[in-house]
Amino acid sequence: MKIKRLAHIGVGVKDLKEVAGVYTDFLTLAMTSTDSVGELLTGFIPVGETNIELVQSTTPEGVMAKFVEKKGEGIHHLAFEVDDIDAALAELKAKGVPLTSDEPRPGAHGARVLFLHPKATHGVLIELCQYPEGHH
Ligand code: ZN
């Protein structure tokens, strides 16, 4: 597997617009895009080669809503960009690494994503993602 960069740091929030202000007003960064994926609303704030990804659940029953309810708002996951997510998946399966799904799933901005199970990564939820050609 080839990790290209830390693509984003996922942050669980209650209200994306309100939390975006922390980064745009306090830090003068820009939220350049938002996207909705299933029950999730995401906002991307580029910081050099990486991004802050704000993630808000649009339903109280959603996994992100439950995370925020249980642990409060804050850092939820680290996402590493790989060049070939199918190869990365095969490699992790061969190593017996527990994953949260058997196949890559659709993520924001046309990415294909998969998550290592946090029980195997000492509490840090790790996402691997592959973006379509030409996307940052
Ligand atoms: Zn993510």
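In what follows, the structure referred to is the one given above.
To keep things clear, this report deals only with the structure shown in the data block. (Residues numbered from 1 in each chain as written. Predicted model: local features only at pLDDT ≥ 70, side-chain atom pairs only at ≥ 80, totals over all residues. Heavy atoms only, no water.)

### Describing the coordination of the zinc ion
Note on the zinc ion: its protein donors are His8 (NE2), Glu53 (OE), His77 (NE2) and Glu127 (OE). The metal-donor distances range over 2.1 to 2.6 Å. What the four donor atoms of the zinc ion show is an angle range of 82 to 164° at the metal, which sorts the shape as irregular. Written as a sequence motif, the donor arrangement for the zinc ion is H-x44-E-x23-H-x49-E. Note that Glu53 is positioned in strand E4 (residues 50-57) and His77 in strand E5 (residues 74-82), a separation of 24 residues in sequence. Just as Glu53 is buried, His77 falls in that class too. (Donors = N, O, S within 2.8 Å, 3.2 Å for Na, K, Ca; no water. Tetrahedral: all angles 85-135°; square planar, octahedral: opposite > 155°, others 65-115°. Helix = DSSP H or I, 4+ residues; strand = E, 2+ residues; numbered from the N terminus. Buried < 20%, exposed > 50% of the residue type's maximum accessible area, 1.4 Å probe, protein only.)

### Re the sheet that holds E4
Across the sheet, eight strands lie side by side as E2-E3-E4-E1-E5-E8-E7-E6; this open sheet has mixed pairing. Edge positions in the sheet fall to strand E2 (33-37) and strand E6 (105-106), since each has one partner strand and no second. With eight bridges connecting them, strand E1 (residues 3-13) and E5 associate as antiparallel partners. Note that in E5 the partner of His8 across the bridge is Ala79. Strand contacts of helix H1 (residues 16-26): E1, E2, strand E3 (40-47) and E4, with the helix running at about 155° to E4, the strand carrying the most contacts. Most of the contacts of helix H2 (residues 63-71) go to E5, to which it runs at about 135°, and overall it touches E1, E3, E4 and E5. (Pairing = 2+ DSSP bridges. Contact = heavy atoms within 4.5 Å. Axes fitted to C-alpha atoms, helices over the stretch in contact; angles between N-to-C directions.)

### Quick word on the nonpolar core
Counting residues in hydrophobic clusters, the biggest one holds 10 residues: Val82, Ile85, Ala88, Leu89, Leu92, Leu99, Leu114, Leu116, Ile126 and Leu128. For this core, the secondary structure elements donating two or more residues are helix H3 (85-94), strand E7 (112-116) and strand E8 (125-130). The greatest single-element share of this core, amounting to four residues, is contributed by H3. Discounting residues that sit within four places of it in the chain, Leu89 has contacts with Leu99, Asp102, Glu103, Pro104 and Leu114. Within the second largest apolar cluster, nine residues are counted, among which are Val11, Val19, Ala20 and Tyr23. (Core = buried A, V, L, I, M, F, W, Y, C linked by side-chain atoms within 4.5 Å.)

### Regarding unusual backbone geometry
The phi torsion at Thr28 lies on the positive side, around 60°, for a residue other than glycine. Using a relative accessible area of 66% as the deciding quantity, one classes Thr28 as exposed. At His109, a position not held by glycine, the phi torsion is positive, near 60°. Looking at the element boundaries, His109 is found in the loop between E6 and E7. Given the relative accessible area of 18%, His109 is considered buried.

Geometry only, nothing functional implied.
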